[in-house]
Amino acid sequence: PLPAQGSLLYLDALHSTFPGALAPRGTALLSWAHGGPLAPAGWPLSTLYCTPAEAGTLPSRAAALRVQLLFALRERALRVLEAGLATELHDALATLRAEWPTLAQDLALGRLSPQPGLPEDDVQGWLAGLLAPDAARAAELQTECAHGFEGIVRRLWPQLEVVVVGTAHGAEWLYCDALLQADCKGLPIYCPFYWAAGALLGVNLWPEEPVPRFLLCPDWAFCEFLPCPAEEDSQTVLLGELWEGREYGLVLTARLGEYRCLAGEVLRVSGFHKQCPVVEPVCRESQALSVRGESIPEDRFCRSLCRAVGMWPGARLVDYVCVESALLGASSGACAPHYEVFVELRGLRDLSEGQRYKLDQCLQEDFPIYKSFRFKGSIGPLRLHLVGAGAFARLREALGSPRPMPRVLREERLLHLIQSSVIS
């Protein structure tokens, strides 16, 4: 659960920067709360929200986001568009792109269209009862979507001041960057919270800064820090012993259960605020690629991939995920251990062998140890696959619970799902 202190700090920072952001019913929430209602960022002020909490508890992630989007579209005077995760905002706006004619009909008729994952039960009936026909708003939606989707969020909600994404850092920022260039063009994206291992550790007090940084709050969990790179005799340090500019692995003892564990997060200390450290998350160690002990971090792999995509004329990276060849078992053949990368692109429907090789080439240029293993044949050539639109939304549905997007798949069922979507 989100501590009240964290939420109040968020509301204060939000109101100080965007004075109209706390208008009653001025916030729409796009967030799937599988298994029960999830507290939104501004939960102490429940009158902020125009989206019913029950919409987020539907068993299907896709259905929940679509119903919440429909309630958001009813309110032209929105001031804040809030999502729990960057992927939820991304996928809800992808639904807008794909289904705006049906959404416009639902607005005009005041109904919920039947759809997969939307059960015909009391909750569905109650949600449908909250809707009323609004032909004027439906016509406005049709007009704006017919003009294209660049800046669509600001055009549909002209009084919107900010887009809030509860948590987004590291490679998650890929989605925010894409939205800032297209659907959310002209609006700031504010990421207020830093979570790790299920515990809230910090809050972002600077909503207008483009790169989120978080004030670590000492009372929410007991944190220790392991200097990076770690050595055999490395000792953890405490909050008051951190140095600006250095990176640390996070060791966490959360209040619930009091278990001490490596959180798998690397942080960079960017400064101090009233003697408390301010940090920027760098990467998730669990998402590093390694088939021979080479350990390529999530954030640096993402940069190499973006550099390779930049060499493919007309292409824009939408999403990606990686697999280490050991997960493929016998289907990987008799070749050396290697990476398999699955990407969704916009503006490109096929990849030539030369284009596929560009990513392997970029990795060799960016990681000398990877180049050395490739030269010796200890690591085989990377295999790159193009998947169809919507593949990653289905993958996130299959994850079964709301969580940041994994960049390295560790489960065979998820591997088979993404393999079934390969088009090139």
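Residues numbered from 1 in each chain as written. Predicted model: local features only at pLDDT ≥ 70, side-chain atom pairs only at ≥ 80, totals over all residues. Heavy atoms only, no water.

In the nomenclature of an unreviewed UniProt entry, the chain corresponds to GHDC protein from the organism Brachypteracias leptosomus.

A. Structural view of the overall build of the chain. Scanning the chain for helices and strands turns up 12 helices and 14 strands. In summary, the chain has a C-alpha radius of gyration of 22 Å against a globular reference of 22 Å for 424 residues, a match within 12%. With respect to the three principal axes, the spread of C-alpha positions in the chain is 65 × 55 × 40 Å. When each of the 424 residues of the chain is scored for burial, the buried share is 53%. Here the contacts in the chain between residues at least 6 apart in sequence split such that 67% fall between residues at least 24 apart. (Helix = DSSP H or I, 4+ residues; strand = E, 2+ residues; numbered from the N terminus. Rg over C-alpha atoms; globule rule 2.2 N^0.38 Å. Buried < 20%, exposed > 50% of the residue type's maximum accessible area, 1.4 Å probe, protein only. Contact = heavy atoms within 4.5 Å.)

B. Structural view of the sheet that holds strand 3 (residues 162-167). Strand order in the open sheet made by the 4 strands is 1-2-3-4, with parallel pairing throughout. Of all the strands in the sheet, the pair left with one neighbour each is strand 1 (27-30) and strand 4 (189-190). Two strands pair when backbone bridges link them, and strand 3 and strand 4 are joined in this way by 2 bridges, in the parallel orientation. Within strand 4, the position partnered with V163 by the bridge is I189. (Pairing = 2+ DSSP bridges.)

C. Inspection of the packing of helix 2 (residues 61-74) against helix 3 (residues 86-109) at higher detail. For the pair helix 2 and helix 3, interaxial distance at closest approach is 9 Å and the crossing angle is 65°. Helix 2 and helix 3 meet at a crossing whose hand is right-handed. Where helix 2 abuts helix 3, its residues R61, L65, R66, L69, L70, L73 and R74 lie against T87, E88, D91, A92, T95, L96, E99, T102, L103, D106 and L107. For the contact of helix 2 with helix 3, the residue count by class is 8 nonpolar, 3 polar and 7 charged. (Axes fitted to C-alpha atoms, helices over the stretch in contact; angles between N-to-C directions. Left-handed = near helix turned anticlockwise from the far one by under 90°. Nonpolar A, V, L, I, M, F, W, Y, C, P; charged D, E, K, R; others polar.)

D. Examining the domain arrangement of the chain more closely. Structurally, the chain comprises domain 1 (4-191), domain 2 (213-285) and domain 3 (290-420). Relative to domain 3, the C-alpha centre of domain 2 lies at a distance of 29 Å. (Domains from an automatic or database assignment.)

E. Expanded view of the environment of H169. Along the polypeptide, H169 turns up in the loop between strand 3 and helix 7 (173-181). The class of H169 is buried, set by a relative accessible area of 14%. Spatially, the C-alpha atom of H169 lies 7.9 Å from that of V282, the residues being 113 residues apart in sequence. Leave out the neighbours within four places in its chain, and H169 touches Y194, W195, E265 and P281.

F. Looking closely at the sheet that holds strand 10 (residues 260-273). Taken together, 7 strands build an open sheet; the order of strands is 5-6-7-11-10-9-8 and the sheet is antiparallel. Edge positions in the sheet fall to strand 5 (193-196) and strand 8 (222-227), since each has one partner strand and no second. Neighbour to neighbour, the strand axes of the sheet diverge by 50° on average, direction disregarded. Of the pairings in the sheet, the one linking strand 7 (residues 214-216) to strand 11 (residues 276-284) comprises 2 bridges and is antiparallel in character. From the neighbouring strand, L215 faces strand 11, where its bridge partner is V278.

G. Quick look at the packing of helix 11 (residues 391-399) against helix 12 (residues 412-419). Put simply, helix 11 and helix 12 touch, their axes get as near as 10 Å, and they point 160° apart. Compared by their axis directions, helix 11 and helix 12 come out roughly antiparallel. Helix 12 is crossed by helix 11, and the crossing has right-handed handedness. Along the contact surface, helix 11 presents A391, F392, R394, L395, A398 and L399, while helix 12 presents R413, L414, L417 and I418. Here the residues of the contact of helix 11 with helix 12 sort into 8 nonpolar, no polar and 2 charged. (Parallel < 35°, antiparallel > 145°, perpendicular 65-115°, else oblique.)

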